[in-house]
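Next come the chains, spelled out residue by residue.
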Amino acid sequence: MMKSRPSIIVILAALVLVAVLIVALLGNVFTGHAVTSQDLLNRLKPPAFLGGPEKYPLGTDRIGRDMVARLVAGLQMSLSVALAGTLIGAVFGTLIGFIAAHFRGWVEETLMMIVDFQASLPFILIALTLLAFFGNSMTLFVILMGLFGWETYARLARGVVLSASSQPYARAVVALGAHPLQLYVKHILPNVAAALIVQVTLTFPQIILLETSLSFLGLGIQPPNTSLGQILGDGRDYLSTAWWISVWPGVLIFVITLSMSILGDALRDRLDPMLKTRKS
């Protein structure tokens, strides 16, 4: 049976993500201004295609900073925080799922009770409470991003491990005297990797939205650092006079999350064995 080719929408989403990654990695090479450079004589200037100065292609903000330079810096920060948070949540949640599936009994019940408790609360309230109580710092903020969605990985890993452990190949490995750690790392983990990768692609855009929401409210990334959400928040008082301050980061956030969601759905369709079984 021949594999279906990816649709044009999936290809475009992948190309957009590649372009965003290139800009994030090499964007500083193409920006003609430092992200902190101020030009008060050219504050709130529109983009060049709307009559603004040519040296500011996408306009300037309230203190004359180049929007291109700010967008590149914000993109780098938002992607870095989202990537770190996604990896932390994936590793932590998967580990909890493996532990629950291995020990069973009261250990499994306790861990899954914690998972249910986490899933029952709106995470935004947890984040706001912790940030208000402990204060804001980059370390705490990244850890908070890592705590988002870990319960999904835990449930997914536990269910897949329980299913894989009952398969004949897993029983044969145990009968041959393999250590449980060897069974999980060498035999079961590769079989659940596809499902975990799909979940990563689905969680990543959610963390970007969470980071930008908190930064928009002034509780996320703090100056002198910048992020897309922070830029978006800076422009909310100038929507009627300098709309480009908020529109450019808003468009970037929309494009990144949409492209990542499309790619995640495509990967799920290709890698999820249950979907393959239903289609066949």
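The structure displayed is predicted, hence computed values, not measured ones.

**Overview of the pattern of salt bridges**
And then number 1: Counted by the stated rule, this structure contains six salt bridges.
And then number 2: One salt bridge in this structure joins D39 and K55, with 3.7 Å as the shortest N-O distance. Remark: K55 occurs in the loop between α1 (8-30) and α2 (67-103) and D39 occurs in the loop between α1 and α2; sequence separation between them is 16 residues.
And then number 3: Taking the relative accessible area as the measure of exposure, D39 reaches 16% and is therefore buried.
And then number 4: By relative accessible area, K55 is classed as partly exposed at 45%.
And then number 5: Close ionic contact of R70 with D234 constitutes a salt bridge, the shortest N to O distance being 3.4 Å. Linking R70 in helix α2 with D234 in helix α9 (residues 228-234), this pair joins segments that are 164 residues apart in sequence.
And then number 6: Owing to a relative accessible area of 2%, R70 belongs among the buried residues under this scheme.
And then number 7: Look at the salt bridges and you will find they share partners, linking D61, R65, R70 and D234 into a network.

**Structural notes on the nonpolar core**
Soluble globular proteins: nonpolar side chains tend toward being buried together.
And then number 1: One finds M67, L75, L79, M145 and L214 to be the most contacted residues of the largest nonpolar core, which totals 33 residues.
And then number 2: Every element with two or more residues in this core is listed here: α1, α2, α4 (123-134), α5 (138-147), α8 (180-216), α9 and α10 (244-271).
And then number 3: Once residues within four sequence positions are removed from consideration, M145 is found in contact with V81, G85, I207, L210, E211 and L214.
And then number 4: Counting twelve residues, the second largest nonpolar core, distinct from the first, contains Y153, A164, Y184 and I188.

**Topic: the packing of α1 against α2**
And then number 1: One way to put it is that α1 packs onto α2 with a least axis distance of 9 Å and a crossing angle of 120 degrees. For the element pair α1 / α2, the angle class is oblique. Handedness of the crossing formed by α1 with α2: left-handed. Seen from α1, the contacting residues are V20, V23, A24, G27 and N28; seen from α2, they are V72, L75, Q76 and L79.
And then number 2: Grouping the constituent residues of the contact of α1 with α2 by class yields six nonpolar, three polar and no charged.

**Observations concerning the packing of aromatic side chains**
And then number 1: Counting across every chain of the model gives six aromatic pairs.
And then number 2: Both rings, one in W243 and one in W248, keep their centres 5.7 Å apart while their planes meet at 65 degrees; by these two values the pair is edge-to-face.
And then number 3: A relative accessible area of 31% means that W243 is categorised as partly exposed.
And then number 4: Here W248 falls in the buried class, since its relative accessible area comes to 18%.

**Thoughts on α2**
And then number 1: Taking 1.5 Å of rise per residue, 37 residues should cover 54 Å, and α2 covers 53 Å from first to last C-alpha, within 8% of that figure.
And then number 2: Two residues or fewer after α2 comes R104, characterised by a positive phi angle close to 55 degrees.

**A look at the environment of I63**
And then number 1: Within the secondary structure, I63 sits in the loop between α1 and α2.
And then number 2: With 20 residues separating them in the primary sequence, I63 and R43 have C-alpha atoms 5.2 Å apart.
And then number 3: What I63 contacts, discounting residues up to four positions off in sequence, is Q38, D39, L40 and R43.

**Structural notes on the side chain of T201**
And then number 1: In this fold, T201 is placed in helix α8.
And then number 2: By relative accessible area, T201 is classed as buried at 8%.
And then number 3: In this structure the side chain of T201 is engaged in a polar contact, spanning 2.6 Å, whose partner is the backbone oxygen of V198.
And then number 4: Look past the residues within four positions of T201 in its chain and what remains in contact with it is M260, G264 and L267.

**With respect to unusual backbone geometry**
And then number 1: Even without a glycine there, the phi angle at L44 is positive, about 55 degrees.
And then number 2: When you line up the elements, L44 lands in the loop between α1 and α2.
And then number 3: Overall, the relative accessible area of 21% leaves L44 in the partly exposed class.

**Some remarks on the UniProt feature "transmembrane region" (unreviewed entry) in the protein chain**
And then number 1: Sequence positions flagged by UniProt for "transmembrane region" (unreviewed entry) are, in local numbering, residues 81-103, 123-148, 192-221 and 241-264.
And then number 2: Taken end to end, residues 81-103 is 100% helix and 0% strand, and its first and last C-alpha atoms sit 33 Å apart.
And then number 3: End-to-end, the C-alpha atoms of residues 192-221 are 34 Å apart, and along that stretch the chain is 83% helix and 0% strand.

**A few points about the environment of G235**
And then number 1: If you trace the backbone, G235 turns up in the loop between α9 and α10.
And then number 2: Judged by relative accessible area, G235 falls into the buried class, the value being 0%.
And then number 3: In this structure, the C-alpha to C-alpha distance between G235 and V247, residues twelve residues apart in sequence, is 8.5 Å.

Calculation rules
- Residues numbered from 1 in each chain as written.
- Predicted model: local features only at pLDDT ≥ 70, side-chain atom pairs only at ≥ 80, totals over all residues.
- Heavy atoms only, no water.
- Salt bridge = Lys/Arg side-chain N within 4 Å of Asp/Glu carboxyl O.
- Helix = DSSP H or I, 4+ residues; strand = E, 2+ residues; numbered from the N terminus.
- Buried < 20%, exposed > 50% of the residue type's maximum accessible area, 1.4 Å probe, protein only.
- Core = buried A, V, L, I, M, F, W, Y, C linked by side-chain atoms within 4.5 Å.
- Contact = heavy atoms within 4.5 Å.
- Axes fitted to C-alpha atoms, helices over the stretch in contact; angles between N-to-C directions.
- Parallel < 35°, antiparallel > 145°, perpendicular 65-115°, else oblique.
- Left-handed = near helix turned anticlockwise from the far one by under 90°.
- Nonpolar A, V, L, I, M, F, W, Y, C, P; charged D, E, K, R; others polar.
- Phe/Tyr/Trp six-rings, centres within 6.5 Å; stacked < 30°, edge-to-face > 60°.
- Expected span 1.5 Å × (residues − 1).
- Polar contact = N/O pair within 3.5 Å; in protein donor to acceptor, adjacent residues only side chain to side chain.
- UniProt positions renumbered as here; feature names shortened; annotations may be inferred.

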